[in-house]
Amino acid sequence: MATLSDPPSESFQLSKLIRDTRYRSYTFQLIALIALILVFAYLGSNLASNLAEAGLNISFSFLGNSAGYDINQSLIEYNNQMTHLRATLVGALNTLLVAFLGCILATIIGVIVGVLRLSKNWLIGRIMSIYVEIFRNVPVLIWILIIYFVMTAAMPSARDYLGEEPERDLLLGLIAFTNRGVYVPAAVFQPMGWVVLGVFVASIFGAIAYRRYATKLLYDTGRLLPMGWPMLAIVILPALVAFFVLGQPIALDRPDPLANRFNLQGGIPISGAFIALWFALSIYTAAFIAENVRAGILAVSRGQTEAAASLGLRPNRIMNLVVLPQALRVIIPPVISQYLNLTKNSSLAIAVGYMDLTATLGGITLNQTGRAIECILLLMLFYLAISLAISAVMNAYNSAIRLKER
Amino acid sequence: MSDTHAESVAFVRDTMIPEQAPPASEAGAVKWVRSNLFPDWLNAILTIVALYLIARLVIGAFPWFANGIWNASSLSECREILDGATGGCFAVLAERWNQLLFGFQYPSTEYWRPALAFVLLAVAAAPLLFWMYLPSRLLVLTALYPFVAYWLLWGGTILTPAVAALGFVVAYLVFARIERRSFALALGAAVVAAVATWFLGGLLVDALPRVLALPEVASRNMGGFMLNFILGVVCVSLSLPIGILLALGRQSKMPIIKWICVVFIEFIRGVPLITLLFVANVVLAYFFPPETNIDLILRVIIMITAFASAYIAEVIRGGLAALPKGQYEAADSLGLDYPQAMRLIIMPQALKISIPGIVNVAVGLFKDTTLVSIISMFDLVGMIRGPILASTEWNGVYWELWGFAILMFFPVCYAISKYSQWLERQLATDHR
């Protein structure tokens, strides 16, 4: 009868905490946790003693106090009697505004430049690469400051536009570039004007419906209706007809050189700081987007284009149906992270005095109240929330377009 | 073959026709211009428009450069000399170049020190950048550079950086000695040895403060493009090791360590650098003991390093993720423990993949060092916006100064990004 010796008893020894890989990770994590707690306790106690010494506390009640400073550009109603919270909100909206408009302009410029960089035209390709290299390799802050200088110091004074025989004329009779900002005409809606706008929106839906119908007809019967011109007509004609039938109810309030002896009146003044920030962020980010677009188009292998051509597709159909869907998969994720960068870079507004969140909450409010920790914490949380939201969108997109293999 | 048809064919050419030149429209410059500039109507229009714009730009800018004034003491004097003609006032550069490069407080007799440090940087960086062509022994120069550069820029006795370097050497020797037995033990012993060396060395420095001493320059006196360079180089070099540790931590299977790294990385990447600089400027001091007085440049270096290391960690994580799983399993099956597997198998490959990404982060960071001008430090942008444009002599000179700033940043960033592309081609060893 064979006897089996007992397996060595699995008694726990302290040395296993270091020697045994099963337990060692717990030791390390415990050490890390303790170290983390110690660091935080150390920083926290320093903070507490420093605050006590300065006679401060952590409190967000200052947000309810009256702000007492003016903001030159505001999307919502604001005056200097309102609270810091309201000023913060105005700043946040201004940040979102410049980021949103910047993303749109950057995408437009970036796509055009990226496609033109691949152009067969040697000169155009060269110019576009020079553009990309120059803007990518110089700090965005320098571009913002240069364009700000162009928008302020290098622009004529508003006075040049004034009077019966001004030194300068409005561009197209509509737009005035002055060192106090750009004056653009504002649309004034009479009650019937909203009807025209409604007709316009409805006809956009009509154009989409027409496109759907044409596509369905193509798939069902093989008959191809013309797409471009009818859609354009559907969008424009009804609104034009409504505009004239209702007696031109939308007027343009253009900047008026004669109304006032000191400044232009009427229209919407857009501050030079906003334009500098918007334009600089756009052209800087566009240089990066152009590179992404170029890389995305180049990433679609030549065989795809050739295969589509051998199926008999026309060049623009090859682009629309074969190359772009595959290129977009490569292009969109880095472009979204460029949007994120643009949003974060918009905090440089403080360098030119555009009143975004960094300039209101992190600038004037901070300096007035002295609540550095609270202000900067809120500021960081705001940007963190935006970037987490954008990353969430990007992750959702990535998982939606992931190649489903087998 | 040819014989069979010899009678039926009237003429067979038996000599080669001499080669003819291609038609004029299919060769040389004409062909190139036609196919590259005027292939079709649309491109022809684009080309003509582009040529017109370039011509206008050149014609407009030429007198500005040609009439440029290099010798004047103020903008109004420039205008007097120009007498209404178009022309740049480059005299501002001629007069203030030292401020633009070194800041307005760096003692002018010591300009040779940052200049020498800059030249030595090229010498020290070469073995690192072109390691495949240069003997690896030259990396000693790279390792020595930080200490030499500290001595040159900040001054003081040479013993301070020498002791610091000695500490690292002792730590390395101790580590190499004990490493065979246990990685963790060796690491601990190395740290102890280094601290002991620095403590003893500190006593020595205190006793002999005037050995080979250069005049000391305080951090707050650094400025101009030099400050951008110092911040860029220091923060990138410091953030590399931290970034590697963060990337490894994020890959780790230990949840607590992993989450510490994830939260740190995502938080830093989610906020703009400018808010971190605000932290350095107004908040960070609250977290240090009341009696310590850490100067602004050091606080800024801490925050920019934290910022850069989060980005570098993400780049390296990409490199780690790109490695086939087989590499990890192969290392395990050889019986290597974690530090060995990482140092010998994983990291060399992952870092190689990540180098272009790291270089991109470095370029971005170098550009972002201009943000310190917003918290009123006088880097190149800060010098232009502050002391120079605010002075009565040069108020109004914009193009010349900003052009100078572009001229400083562009070559550096362009060279680094070209280097990164070149390196990418060098490292692409597959699919060829």
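The structure displayed is predicted, hence computed values, not measured ones. (Residues numbered from 1 in each chain as written. Chains lettered and ligands numbered in written order. Predicted model: local features only at pLDDT ≥ 70, side-chain atom pairs only at ≥ 80, totals over all residues. Heavy atoms only, no water.)

1. Side note on the state of the cysteines
Residues and elements named next belong to chain B. Counting across every chain of the model gives 1 disulfide over all chains. The disulfide partner of Cys-78 is Cys-89, and the gap between their sulfur atoms is 1.9 Å. Where Cys-78 bonds to Cys-89 through sulfur, the torsion about that S-S bond is close to 75 degrees, and the disulfide is right-handed. With Cys-78 in helix 3 (residues 75–82) and Cys-89 in the loop between helix 3 and helix 4 (91–102), this residue pair connects regions lying 11 residues apart in the sequence. The pair formed by Cys-78 and Cys-89 is uniform in burial state, with each residue classed as buried. In this structure Cys-413 is not part of a disulfide, and its nearest cysteine sulfur, from Cys-235, lies 15 Å away. The exposure class assigned to Cys-413 is buried, which follows from its relative accessible area of 0%. (Disulfide = S-S within 2.5 Å. Helix = DSSP H or I, 4+ residues; strand = E, 2+ residues; numbered from the N terminus. Buried < 20%, exposed > 50% of the residue type's maximum accessible area, 1.4 Å probe, protein only.)

2. Section: the packing of aromatic side chains
Residue and element names in this part refer to chain B. If you walk through the whole model with that rule in mind, you get 31 aromatic pairs over all chains. Centroid distance Phe-366 to Phe-409: 5.3 Å. Interplanar angle 45 degrees. Geometry classified as tilted. Here Phe-366, found in helix 14 (residues 338–368), pairs with Phe-409, found in helix 16 (residues 399–427); they are 43 residues apart in sequence, far enough to count as distant. Residue Phe-366 is classed as buried on the basis of its relative accessible area, which comes to 7%. Counting every residue linked through ring pairs, the aromatic cluster contains Phe-118, Phe-225, Phe-229, Phe-366 and Phe-409. (Phe/Tyr/Trp six-rings, centres within 6.5 Å; stacked < 30°, edge-to-face > 60°.)

3. Considerations on the pattern of salt bridges
All names here are of chain B. Applying the stated criterion across every chain, the model contains 12 salt bridges over all chains. The closest approach of N and O atoms between Arg-96 and Glu-95, which form a salt bridge, is 3.2 Å. According to the relative accessible area criterion, Glu-95 is partly exposed, its value standing at 35%. Each of Arg-250, Glu-266, Glu-314 and Arg-317 takes part in a single network of salt bridges with overlapping partners. (Salt bridge = Lys/Arg side-chain N within 4 Å of Asp/Glu carboxyl O.)

4. Brief notes about the packing of helix 9 (residues 302–310) of chain A against helix 10 (residues 315–345) of chain A
All names here are of chain A. Their axes nearest at 10 Å, the elements helix 9 and helix 10 cross at an angle of 155 degrees. Judged by the inter-axis angle, helix 9 sits roughly antiparallel to helix 10. Along this stretch, helix 9 crosses helix 10, giving a crossing that reads as right-handed. The segment helix 9 lies against helix 10, with Gln-304, Thr-305, Ala-308 and Ala-309 engaging Ile-318, Val-322, Val-323 and Gln-326. (Axes fitted to C-alpha atoms, helices over the stretch in contact; angles between N-to-C directions. Parallel < 35°, antiparallel > 145°, perpendicular 65-115°, else oblique. Left-handed = near helix turned anticlockwise from the far one by under 90°. Contact = heavy atoms within 4.5 Å.)

5. Thoughts on the UniProt feature "transmembrane region" (unreviewed entry) in chain A
Residues and elements named next belong to chain A. The UniProt record annotates "transmembrane region" (unreviewed entry) at residues 26–43, 96–119, 140–158, 192–210, 231–250, 270–290, 346–364 and 376–397. Strand forms 0% of residues 192–210 and helix 100%; the C-alpha atoms that close the span are 27 Å apart. In this annotation, residues 376–397 is assigned 100% helix and 0% strand; the end-to-end C-alpha distance for the span is 31 Å. (UniProt positions renumbered as here; feature names shortened; annotations may be inferred.)

6. Side note on helix 14 of chain B
In this model, helix 14 of chain B (31 residues) spans only 36 Å end to end at C-alpha, well below the 45 Å of a helix rising 1.5 Å per residue. The axis of helix 14 of chain B is deflected most strongly, by about 50 degrees, at Ile355(B), and proline Pro356(B) appears within four residues downstream. (Expected span 1.5 Å × (residues − 1). Bend = angle between axes of the 7 residues up to and from the residue.)

7. Side note on the interface of chain A and chain B
Where interface size is given, it is often the accessible area lost as the parts come together that is meant. With 53 residues of chain A at the contact, the number on the chain B side is 55 residues. Summed over both partners, the interface of chain A with chain B buries about 4,800 Å², with 76% contributed by carbon and sulfur atoms. Three residues, Gln29(A), Asn137(A) and Met380(A), lead the burial of chain A against chain B; their summed loss comes to 13% of the area buried on that side. Between the two partners, chain A and chain B, sit 0 salt bridges. On the surface where chain A and chain B come into contact, there are 13 residue pairs in polar contact (both at pLDDT 80 or more). Of the residues in the side of chain A that touches chain B, the class split is 36 nonpolar, 12 polar and 5 charged. (Buried area = accessible area lost by both parts, 1.4 Å probe. Polar contact = N/O pair within 3.5 Å; in protein donor to acceptor, adjacent residues only side chain to side chain. Nonpolar A, V, L, I, M, F, W, Y, C, P; charged D, E, K, R; others polar.)

8. Description of the sheet that holds strand 5 (residues 268–270) of chain A
Hydrogen bonds between backbone groups are what pair the strands of a sheet, and the pairing can be parallel or antiparallel. Residue and element names in this part refer to chain A. Spatially, the 3 strands line up as an open sheet ordered 1-2-5, and their pairing is antiparallel. Only two strands of the sheet have a single partner each, and these edge strands are strand 1 (176–178) and strand 5. Averaged over all pairs of adjacent strands, the angle between their axes in this sheet comes to 20 degrees, without regard to strand direction. Bridge analysis of strand 1 against strand 2 (residues 181–184) gives 3 bridges, and the strand direction is antiparallel. Among the inter-strand pairings, Ala-176 is bridged to a residue of strand 2, identified as Tyr-183. (Pairing = 2+ DSSP bridges.)

9. Some remarks on the side chain of Ser417(B)
Residues and elements named next belong to chain B. Mapped onto the elements, Ser-417 comes out in helix 16. We classify Ser-417 as buried; its relative accessible area is 9%. Here the side chain of Ser-417 touches Tyr-414 through a polar contact of 3.1 Å, landing on its backbone oxygen.

10. Concerning the side chain of Thr47(B)
Its location among the elements puts Thr47(B) in helix 2 (residues 41–66). For Thr47(B), the contacting residues outside a window of four places in its chain are Asn121(A), Leu123(A), Leu37(B) and Phe38(B).

11. A closer look at the UniProt feature "domain: ABC transmembrane type-1" (unreviewed entry) in chain B
UniProt annotation of "domain: ABC transmembrane type-1" (unreviewed entry) refers to residues 225–420 of chain B when read in the numbering used here. Between the end C-alpha atoms of residues 225–420 of chain B there is a gap of 23 Å, over a span that is 78% helix and 0% strand.

12. Observations regarding helix 6 (residues 139–154) of chain B
Residue and element names in this part refer to chain B. Counted at 1.5 Å a residue, the expected span for helix 6 with its 16 residues is 22 Å, and the 24 Å between its end C-alpha atoms agrees. Taking the largest bend as the criterion, helix 6 deviates by roughly 40 degrees, centred on Tyr-145, and proline Pro-146 comes between one and four positions later. Here helix 6 has its buried residues at Thr-142, Tyr-145, Ala-149, Trp-151, Leu-152, Leu-153 and Trp-154. Two residues or fewer past helix 6, Gly-155 is found with a positive phi of approximately 80 degrees.

13. Some details on the environment of Gly249(B)
Residues and elements named next belong to chain B. Position of Gly-249 among the secondary structure elements: in helix 9 (residues 224–251). Placed 68 residues apart in sequence, Gly-249 and Arg-317 show a C-alpha to C-alpha distance of 9.7 Å. Once residues lying within four places of it in the same chain are set aside, the contact partners of Gly-249 are Ile-257, Lys-258 and Cys-261.

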